[in-house]
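# Residue-level structure breakdown
This is what each chain is made of:
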Number of protein chains: 2
Amino acid sequence: MSRSHTHVADAVRDEACPVTEVLDRVAGKWSIGILIAAAHGPVRFTELERAINGISRRMLTLNLRRLERDGLLIRTVHPAVPPKVEYSLTPMARELHTSLTGLVGWAERHRSAVAEARAAYDTAAKQKPDTD
Amino acid sequence: MSRSHTHVADAVRDEACPVTEVLDRVAGKWSIGILIAAAHGPVRFTELERAINGISRRMLTLNLRRLERDGLLIRTVHPAVPPKVEYSLTPMARELHTSLTGLVGWAERHRSAVAEARAAYDTAAKQKPDTD
DNA sequence: CCGTATCCAATTCGATACTG
DNA sequence: CAGTATCGAATTGGATACGG
C-alpha cells in the first residue's frame, strides 16, 4: 500500500471528508448519550431527560429531532390519554453501538489519566515561560 | 448491584457521565479527524492543515492544544531553522483509534442512507401537517 | 513553518414560560 | 407527558494580520 513518497495527508483526506459529515451529526455532546440510552430498547422522552441528566428539554428535543431526521432514531407516538412517545434505534444506528460503547469504555478506563494530563498541562503552563 | 425493577435510566446514567466528559473533548467536529490523521505517524502542522482541509489555522491550533492538554497528542518541536513541529498520538489515544475508525467505517457505509433519510424527513415536514 | 491576537458573525445553549 | 417559543448569554468559527 505504501507509495514511494507517501504524504500522510493523502491517505487521510479520503477518510476525513465522510468523517466530518457524520461527525457533524453523531459527535454532538449529547448525541452519543442519547444513542446509547436508546439502545437498551424503546425509551420515553422523560426517561431520556432523566438519564442524560445535564441536558435541558430544549437540547434533548433538538438532538432527538436531528437524530430522527438523519434516520438514526425512530419516534413512535402512542395515542394515549397521557401522551406517550418512545424512541428507539434504527438498524443503521444499532451498528454504531459497538463503536459508541468502545468510546465509553475508553472514557471509563482513561478518565483519570486525562484529568491528570490536564492538571499537568495547566501546571506547566502556569510556570513562567521566562527563565525564572 | 442487580436491581429488581431496572429503569433504563439507571443503567445509562452511570455511563452517561463519563461519556459527556470524554465527548466534550473527543466529539468536537475536528478532533476525530485530527486523531485519525495523526494515527499514521508523526504528522506536521501543515500536513494536518491540508489533510483536514476545511479547517482554519485557528481551529486546528485550538483543537491541537486541547488534545495535547488532555494527553491525547504529543507535540514535538524540532529545533530547526525552518521550524518543524510534529504531532503524534499517545498510547492512550491509540486505543481510541479502533472506535474511531469504526465510526468512520459506519459513516462510509451509511452516508447515502443518512442523506436519504434527511431528504425524506424534510419532504414530509414540508407537507402541510393539516389533513391535506 | 508554526503559530498567536483580534475582530466580528453565526451558532448553541440554558432558563423560562406556555400548550395539547 | 411531551413538547414549542422566545430571549439573551456564552461559545464557536472564519478572516485577517502579525510575530518568532
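Described below are features of the structure shown in this document. All values reported here derive from a predicted model rather than from experimental measurement. (Residues numbered from 1 in each chain as written. Chains lettered and ligands numbered in written order. Predicted model: local features only at pLDDT ≥ 70, side-chain atom pairs only at ≥ 80, totals over all residues. Heavy atoms only, no water.)

Glancing now at the sheet that holds strand E3 (residues 84-89) of chain B. Two strands in a sheet stick together by hydrogen bonds in their backbones, pointing the same way (parallel) or opposite ways (antiparallel). All names here are of chain B. Spatial ordering of the open sheet is given by E1-E3-E2, a layout of 3 strands whose pairing is antiparallel. One side of each edge strand has no neighbouring strand; the edge strands of this open sheet are strand E1 (43-44) and strand E2 (73-78). Summarising the sheet, E1 and E3 pair through 2 bridges and their orientation is antiparallel. Following the sheet pairing, Val-43 is matched in E3 by Tyr-87. Sitting on the sheet, helix H2 (residues 31-39) is in contact with E1, E2 and E3, with an inclination near 100° to E3. The strands that helix H4 (residues 57-69) touches are E2 and E3; relative to E2, the one it contacts most, it runs at about 110°. (Pairing = 2+ DSSP bridges. Helix = DSSP H or I, 4+ residues; strand = E, 2+ residues; numbered from the N terminus. Contact = heavy atoms within 4.5 Å. Axes fitted to C-alpha atoms, helices over the stretch in contact; angles between N-to-C directions.)

A:Thr46, A:Thr61, A:Arg75, A:Tyr87 and B:Met59 are the nearest of the 17 residues found near DNA strand D. A breakdown of the atoms of DNA strand D within 4 Å of the protein gives sugar and phosphate a share of 68%. Between DNA strand D and A:Arg65 there is a distance of 3.1 Å, counted from a phosphate oxygen to a side-chain nitrogen or oxygen. A distance of 2.7 Å separates a phosphate oxygen of DNA strand D from a polar side-chain atom of A:Arg75. Secondary-structure elements contributing two or more residues to the surface near DNA strand D are helix H3 (45-52), helix H4 (57-69) and strand E3 (84-89) of chain A together with H4 of chain B. Considering each element in turn, the surface near DNA strand D owes the most residues, 4 residues, to H4(A). Class assignment for the residues of the surface near DNA strand D results in 6 nonpolar, 4 polar and 7 charged. (Near = heavy atom within 4 Å. Polar contact = N/O pair within 3.5 Å; in protein donor to acceptor, adjacent residues only side chain to side chain. Nonpolar A, V, L, I, M, F, W, Y, C, P; charged D, E, K, R; others polar.)

Remember that the coordinates give geometry; whether it matters functionally is a separate question.
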